[in-house]
Amino acid sequence: MTETLRHAATVVREALSRRDGAAVAVATGTAYLLAYLFALGDLVPRSGVGTGLVVARDPVGAALRRVGPFAFEAVALVDLWHVRLLFSPGNALVGSVLAALVGANLALSYLALTRPSACGPRATAGLVASVPALLSGTACCGPVILLALGVQASGVLLTVFAWLVPVGAATLAVTLVLVARRVDPVAWERAER
């Protein structure tokens, strides 16, 4: 098991050291983080808000206060012309971890597509693994979405939303290791030449 994790770390490090792999990871990770914050309601496009900053009276207390299973209270409200951000260190941390996993998965998937000789089949599963984690952003507003769709929300269905963050993170981590196991760094270096 330790050898598998070490191999996965080496492959991910190699993928991120390449300019195209790093670009894919940064672009998809950033897009994922923005989508996650938007799904939580922490990032809202607005017109004519100008610029401004409002900080909570007790930012440390607010940062530690949970408002959902994996959602935390905002410590600051930041207005930047057409965007309003409710900054929550907890939400930013959870979103950043998920975004890093998504970026690494998609960097490996991109390199699997561009260097198929170095990767085994089905090395592009990282995109599928990111879906539960992205949907976890609806954990706070899941009931509203269900009502908007006309679905009667039962307690069991609402409980599912709370599990999307850990399920998404675990799926992304497992997929990353499984995809990395299929990559042969020696064949990868040969494909570069």
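From a predicted model like this one, the values you see are computed outputs, not experimental measurements.

Colleague: In this structure, what is going on with the side chain of Asp79? I would like to understand it.
Modeller: Secondary-structure assignment places Asp79 in strand β4 (residues 76-87). Discounting residues that sit within four places of it in the chain, Asp79 has contacts with Val49, Gly50, Thr51, Gly52 and Arg84.

Colleague: Sorry, what's going on with helix α2 (residues 19-40) here?
Modeller: Each full turn of the α-helix corresponds to 3.6 residues, which orients residues three or four apart in the same direction. Between its first and last C-alpha, α2 extends 31 Å over 22 residues, near the 32 Å set by a 1.5 Å rise per residue. A positive phi of about 90 degrees marks Gly41, the residue just after α2.

Colleague: Which parts of the structure should I look at to understand the nonpolar core?
Modeller: Considering soluble globular proteins, one finds that nonpolar side chains tend to be buried as a cluster. Tyr32, Tyr36, Leu98, Leu108 and Leu176 are the most contacted members of the largest nonpolar core, which has 26 residues in total. For this core, the secondary structure elements donating two or more residues are α1 (2-17), α2, α4 (89-114) and α7 (155-181). Ranked by the residues each element gives to this core, the list is headed by α4, at nine residues.

Colleague: Whenever I open this one, unusual backbone geometry confuses me. Can you help?
Modeller: In terms of backbone geometry, most residues other than glycine have negative phi values and most peptide bonds are trans. With phi around 55 degrees, Trp81 is a residue other than glycine that occupies positive phi space. Among the structural elements, Trp81 can be located in strand β4. Overall, the relative accessible area of 56% leaves Trp81 in the exposed class.

Colleague: Whenever I open this one, the packing of α2 against α4 confuses me. Can you help?
Modeller: How two helices sit against one another is set out by the angle between their axes and by the gap between those axes. Across the interface, α2 lies against α4 with an axial gap of 7 Å and an inter-helix angle of 140 degrees. Here the hand of the crossing between α2 and α4 comes out right-handed. Here the residues of the contact of α2 with α4 are counted per class, giving 17 nonpolar, seven polar and one charged.

Colleague: Sorry if this is basic, but what is going on with α1 here?
Modeller: With 16 residues, α1 should reach 22 Å at 1.5 Å per residue; the first-to-last C-alpha distance of 22 Å fits that figure. Turning to α1, its buried residues number three or more, namely Ala8, Val11, Val12 and Ala15. Across the axial projection of α1, the buried residues extend over an arc of 100 degrees, all falling on one side. Away from the buried face of α1 by more than 90 degrees, exposed residues Thr2, Glu3, Arg13 and Ser17 are located.

Colleague: I tried to follow the confidence of the model for the protein on my own but got confused; where do I start?
Modeller: Detailed reading of the predicted model is not advised wherever pLDDT is low. On average, residues of the protein carry a pLDDT of 75, and 69% of them reach 70 or more. Looking over the protein, one finds the lowest element-wise mean pLDDT in helix α6 (residues 142-148), namely 44, and the highest in α2, namely 91. Taken together, the stretch residues 121-127 has pLDDT below 50 and engages in 16 contacts with residues farther than four places along the chain or on a different chain.

Colleague: Whenever I open this one, the side chain of Asn105 confuses me. Can you help?
Modeller: You can see Asn105 is positioned in helix α4. Classification of Asn105 as buried rests on a relative accessible area of 0%. Within the structure, Asn105 has its side chain in polar contact with the backbone nitrogen of Leu176 (distance 3.3 Å).

Conventions and cut-offs
Residues numbered from 1 in each chain as written. Predicted model: local features only at pLDDT ≥ 70, side-chain atom pairs only at ≥ 80, totals over all residues. Heavy atoms only, no water. Helix = DSSP H or I, 4+ residues; strand = E, 2+ residues; numbered from the N terminus. Contact = heavy atoms within 4.5 Å. Expected span 1.5 Å × (residues − 1). Core = buried A, V, L, I, M, F, W, Y, C linked by side-chain atoms within 4.5 Å. Buried < 20%, exposed > 50% of the residue type's maximum accessible area, 1.4 Å probe, protein only. Axes fitted to C-alpha atoms, helices over the stretch in contact; angles between N-to-C directions. Left-handed = near helix turned anticlockwise from the far one by under 90°. Nonpolar A, V, L, I, M, F, W, Y, C, P; charged D, E, K, R; others polar. Arc of directions from axis to C-beta. pLDDT = per-residue confidence, 0-100. Polar contact = N/O pair within 3.5 Å; in protein donor to acceptor, adjacent residues only side chain to side chain.

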